[in-house]
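Coordinate inspection notes
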Amino acid sequence: MPKQKTKQKATRGGSAARSGASAPKARKRSDASKGGARKSVPPESQAAEAAQKKPGAFPVVAIGASAGGLEALEELFDSMPADTGMAFVVVTHQHPGHTSLLPELLGKQTDMPVVEAADGSKLQPNRVFVGPPGGHLAILNGTLHRMETEKKEAPHLPIDYFFRSLAEDQQERAICIVLSGTGTDGTIGLKAVKGASGMVMVQQPQSAKYAGMPSSAIATGHADYILPPPAMPKQLIAYARGPYLQGAAVAAEAPAVPPEPMQKIFVLLRSRTGHDFSAYKSNTLRRRIERRMNVHQIKKPNQCVRYLQENPHEIDILFKELLITVTNFFRDPDAWEALVPALERLIKSRPENYTLRVWTPGCATGEEAFSLAILLRECMEKLKRRLDVQIFGTDL
């Protein structure tokens, strides 16, 4: 079993922990996102499989742009054919009440219909939907919805919001593109898209008028392609028309990764990273490998093995994708509720000011560790007990 390195050490409790820092005030779980944190090979979601088998399903491309984004958008759509079979949703930073000319301006660059995204708009292929000024845009079952936000809400991150909504709704058919802009909007959302087995494309910073957003996106290590806008359509079409995103009938005809190449890939992963994936869920691993093959337009599994041998850095990328974080606060709420009685019994059985140590392996970015801290604090307040708590969060 590979040795884990400590990623974080968080201290929480009814009294000050050994570090001397006082514990933060507990928050109710109803105010937090439901979820814990687990960085392990995530199971392929039923939603993704259903989307793949759904007749008439098509990729949805979300494009986020801010300062300097108009020029990038014009270059992108000027090179985009009108019959890609994909739907496009453009999300930008615009002030509420502002009359947007973006649909009209983009309409001059493409033969596809360009419309403002109205509440209840049903996505259609070969059509461009432009997010309206103000509020957030969400998607549910392929239908767009305008979500009002508090005027004083900060920060206002409409691109992150829609990317995350798209990932949840479209799963592996979600594609996101980050174009010119300042700040980091889109960075969190693209991680959700990648976590759902979608594809991430980012504008080459040198070609962006403002490189803040593209540079932040690239820094995550999740960008599949880094290109100037005029070069994006060709690569986008090649990816969308590859076997990974085709319907069930086409996918059934496409050769799955046979056992022998899979074993060779496991050998390469173990030699490069020290971690053995041979006992992990085969369907999940196969889909992740097929996605990487689609990114590089590799058609045969043996060619994939050869490509990995010739490009060791690609092994690192595949390893990172196999460990894509599926993380939120209080994930799987039933499990957390079931844990409460056990924690209460544990706290009752320990003397006052006892130091309670907790370990959360596979904690990813730490939400599970902090969820546990919140839960322990609530239990101690309920029982009117004071313990020192040390929480250790580790991951690969």
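Here the structure is shown first, and the text comes after it.
The structure reproduced in this document is the subject of the present report. This is a predicted model, so every value here is computed, not measured. (Residues numbered from 1 in each chain as written. Predicted model: local features only at pLDDT ≥ 70, side-chain atom pairs only at ≥ 80, totals over all residues. Heavy atoms only, no water.)

**Describing the overall build of the chain**
Check the secondary structure of the chain and you find 14 helices and 14 strands. A total of 396 residues make up the chain; the buried ones form 48% of that total. Across the chain, every contact between residues at least 6 apart in sequence was considered, and the portion connecting residues at least 24 apart equals 78%. Total accessible area on the chain stands at roughly 19200 Å², and carbon and sulfur atoms take up 52% of it. (Helix = DSSP H or I, 4+ residues; strand = E, 2+ residues; numbered from the N terminus. Buried < 20%, exposed > 50% of the residue type's maximum accessible area, 1.4 Å probe, protein only. Contact = heavy atoms within 4.5 Å. Areas by Shrake-Rupley, 256 points an atom, 1.4 Å probe, with all protein chains shown as cover.)

**Some thoughts on the sheet that holds strand 6 (residues 127-130)**
Pairing is parallel in the open sheet, where seven strands are placed in the order 5-6-4-3-9-10-11. Looking at strand neighbours, the two that pair on one side only are strand 5 (114-116) and strand 11 (225-227), the edges of this open sheet. In this sheet, adjacent strand axes meet at a mean angle of 20° when their direction is disregarded. One ladder, built from three bridges, connects strand 10 (residues 199-203) with strand 11; its direction is parallel. Bridged to Val202 within strand 11 is Ile226. Against the sheet, helix 2 (residues 69-78) touches strand 3 (60-65), strand 4 (87-92), strand 6, strand 9 (174-178) and strand 10, its axis set at about 150° to strand 3. (Pairing = 2+ DSSP bridges. Axes fitted to C-alpha atoms, helices over the stretch in contact; angles between N-to-C directions.)

**With respect to unusual backbone geometry**
A negative phi angle is the norm for most residues apart from glycine, just as the trans form is the norm for most peptide bonds. The phi dihedral of Asn353 is positive, around 65°, even though this residue is not glycine. Tracing the chain through its elements places Asn353 in the loop between helix 13 (333-348) and strand 13 (355-361). Note on Asn353: relative accessible area 47%, which makes it partly exposed.

**A short note on the packing of helix 9 (residues 259-273) against helix 11 (residues 301-310)**
Any two packed helices are characterised by the angle at which their axes cross and by the distance between the axes. It is the contact of helix 9 with helix 11, at a shortest axis distance of 9 Å, that shows an interaxial angle of 15°. Relative to helix 11, the element helix 9 is oriented roughly parallel. Considering how the two elements wind past one another, helix 9 and helix 11 form a crossing that is left-handed. Judged by residue contacts, Pro261, Lys264, Ile265 and Leu268 of helix 9 engage Pro301, Asn302, Cys304, Val305, Leu308 and Gln309 from helix 11. For the contact of helix 9 with helix 11, a count of residues per class yields seven nonpolar, two polar and one charged. (Parallel < 35°, antiparallel > 145°, perpendicular 65-115°, else oblique. Left-handed = near helix turned anticlockwise from the far one by under 90°. Nonpolar A, V, L, I, M, F, W, Y, C, P; charged D, E, K, R; others polar.)

**Quick notes on the pattern of salt bridges**
For the structure shown, the criterion picks out 14 salt bridges. Close ionic contact of Glu290 with Arg287 constitutes a salt bridge, the shortest N to O distance being 2.9 Å. Placement of the pair is Glu290 and Arg287 together in helix 10 (residues 282-295), with a separation of three residues, close to one helical turn. There is no split in this pair, since Glu290 and Arg287 are both buried. Overlapping salt bridges bring together Lys194, Asp224, Arg291, Arg292, Glu314 and Glu321 as one network. (Salt bridge = Lys/Arg side-chain N within 4 Å of Asp/Glu carboxyl O.)

**Examining the packing of helix 10 against helix 12 (residues 312-322)**
Axis separation between helix 10 and helix 12 bottoms out at 10 Å; the angle between their running directions is 135°. When the axis of helix 10 is compared with that of helix 12, the two are oblique. As helix 10 runs across helix 12, the sense of the crossing is right-handed. Residues Leu285, Arg288, Ile289, Arg291 and Arg292 of helix 10 form the contact with helix 12, whose own contacting residues are Glu314, Ile317, Leu318, Glu321 and Leu322. When the residues that make up the contact of helix 10 with helix 12 are grouped by side-chain class, the tally is five nonpolar, no polar and five charged.

**As for the side chain of Thr394**
Structurally, Thr394 is set in strand 14 (residues 388-395). Within polar-contact distance, the side chain of Thr394 engages the side chain of Trp359 at 2.8 Å. (Polar contact = N/O pair within 3.5 Å; in protein donor to acceptor, adjacent residues only side chain to side chain.)

**Some remarks on the nonpolar core**
One finds Ile63, Phe77, Phe88 and Leu236 to be the most contacted residues of the largest nonpolar core, which totals 32 residues. Not counting chain neighbours up to four residues away, the residues in contact with Phe77 comprise Ile63, Phe88, Val90, Leu106, Gln109, Thr110, Met112 and Val128. (Core = buried A, V, L, I, M, F, W, Y, C linked by side-chain atoms within 4.5 Å.)

**Things to note about the packing of aromatic side chains**
In total, this model carries three aromatic pairs according to the counting rule given. Ring centres of Phe77 and Phe88 lie 5.7 Å apart, and the angle between their planes is 75°; this geometry places the pair in the edge-to-face category. With a gap of 11 residues between them, Phe77 in helix 2 and Phe88 in strand 4 connect regions that are remote in the sequence. With a centroid separation of 5.8 Å and an interplanar angle of 75°, the aromatic rings of Phe277 and Phe319 are classed as edge-to-face. Of this pair, Phe277 sits in the loop between helix 9 and helix 10 while Phe319 sits in helix 12, and the two are 42 residues apart along the sequence. Look at Phe277 and you get buried, because its relative accessible area is 1%. (Phe/Tyr/Trp six-rings, centres within 6.5 Å; stacked < 30°, edge-to-face > 60°.)

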